[in-house]
Amino acid sequence: MTETPIFPAIGAPVPDFDMQASKGRHVSLAAMRGKPFILYFYPKASTPGCTTEACGFQEALGALGSTGIPVIGVSRDSMKAIDNFAAKQNLAFPLASDATGTVTEAYGVWVEKTLYGRKYMGIERATFLIDGSGRVARVWRNVKVPGHVAEVMKAASEL
């Protein structure tokens, strides 16, 4: 397995994306042009850490709404799994399906992981704060869920 480069870096233009999302929505970089947004990657819908993180962003939507900064979550889950997760947790923001892996690879979050000594490829929990010009303003890699949403909120409010 090859090592995935740490990309994109702060100040770099973000890779393009165009994906189906929860509740019949569609998300794309083209649709986000001219406005800042939060793009976060999570390993698997309906798992404890991913649920805590998604619910944290959901709770923060009120404050994010005052800054005008939308949130988009991305995993490689099927649309069925994503729709079930979004409905069960009453998530108002879009969760997108990168079923082909194109976006997770472009953002450098498809990485080798180890669990109980077994190596496998999976999504690294990561968050990208994108500015209005489509460039990376801030990156959080190997995210630990407790306190993460508050840190992202603080950075978003400073844009």
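Residues numbered from 1 in each chain as written. Predicted model: local features only at pLDDT ≥ 70, side-chain atom pairs only at ≥ 80, totals over all residues. Heavy atoms only, no water.

You'll find the chain entered in an unreviewed UniProt entry as thioredoxin-dependent peroxiredoxin, with Gluconacetobacter dulcium given as the organism. Under Function (unreviewed entry), UniProt gives the following word-for-word description of the chain: "Thiol-specific peroxidase that catalyzes the reduction of hydrogen peroxide and organic hydroperoxides to water and alcohols, respectively. Plays a role in cell protection against oxidative stress by detoxifying peroxides and as sensor of hydrogen peroxide-mediated signaling events." Under the Subunit (unreviewed entry) heading, UniProt states for the chain: "Monomer." (UniProt positions renumbered as here; feature names shortened; annotations may be inferred.)

A.B. asks: Which parts of the structure should I look at to understand the pairing of strand 4 (residues 71-75)?
C.D. replies: Across a regular strand the side chains alternate sides, sitting on one face of the sheet and then on the other. Across the five residues that make up strand 4, a large majority, five, are buried. Side chains Val71, Gly73 and Ser75 of strand 4 all project onto a buried face; the interleaved residues Ile72 and Val74 project onto the opposite face, where all are buried too. Two strands pair when backbone bridges link them, and strand 4 and strand 5 (residues 95-97) are joined in this way by three bridges, in the parallel orientation. Bridging from a neighbouring strand, Gly73 pairs with Leu95 of strand 5. In this fold, strand 4 hands off to helix 3 (residues 79-88), which returns the chain to strand 5; that crossover is right-handed. (Buried < 20%, exposed > 50% of the residue type's maximum accessible area, 1.4 Å probe, protein only. Helix = DSSP H or I, 4+ residues; strand = E, 2+ residues; numbered from the N terminus. Pairing = 2+ DSSP bridges. Right-handed = clockwise from strand over helix to strand, strands pointing away.)

A.B. asks: Even after reading the chapter, I still don't get the nonpolar core, so can you show me in this structure?
C.D. replies: Within soluble globular proteins, side chains that are nonpolar generally end up buried alongside one another. Formed by 26 residues in total, the largest nonpolar core has its most connected members in Ile38, Tyr40, Tyr42, Phe57, Phe93 and Leu95. Listing elements by their share of this core, those giving two or more residues are strand 3 (37-41), helix 2 (48-67), helix 3 and helix 5 (148-157). In terms of nonpolar packing, the next biggest core, distinct from the first, is built from 21 residues, Val27, Leu39, Ala96 and Val136 among them. (Core = buried A, V, L, I, M, F, W, Y, C linked by side-chain atoms within 4.5 Å.)

A.B. asks: Looking at this model, I keep getting lost on the packing of aromatic side chains. Mind explaining?
C.D. replies: Each aromatic ring pair is described using two quantities: the centre-to-centre distance and the angle formed by the ring planes. Taken as a whole, this structure holds eight aromatic pairs when the rule is applied. Centroid distance Phe41 to Phe128: 5.9 Å. Interplanar angle 85 degrees. Geometry classified as edge-to-face. Separated by 87 residues along the polypeptide, Phe41 in strand 3 and Phe128 in strand 8 (residues 126-130) bring together distant segments of the chain. Take Phe128: its relative accessible area is 0%, and that puts it in the buried class. Ring geometry for Tyr42 and Phe85: centres 6.1 Å apart, planes at 45 degrees, overall tilted. Here Phe85 lies in helix 3 and Tyr42 lies in the loop between strand 3 and helix 2, a separation of 43 residues in the sequence. When sorted by exposure, Tyr42 lands in the same class as Phe85, which is buried. An aromatic cluster is present here, built from Tyr40, Tyr42, Phe57, Phe85 and Phe93 joined pairwise through their rings. (Phe/Tyr/Trp six-rings, centres within 6.5 Å; stacked < 30°, edge-to-face > 60°.)

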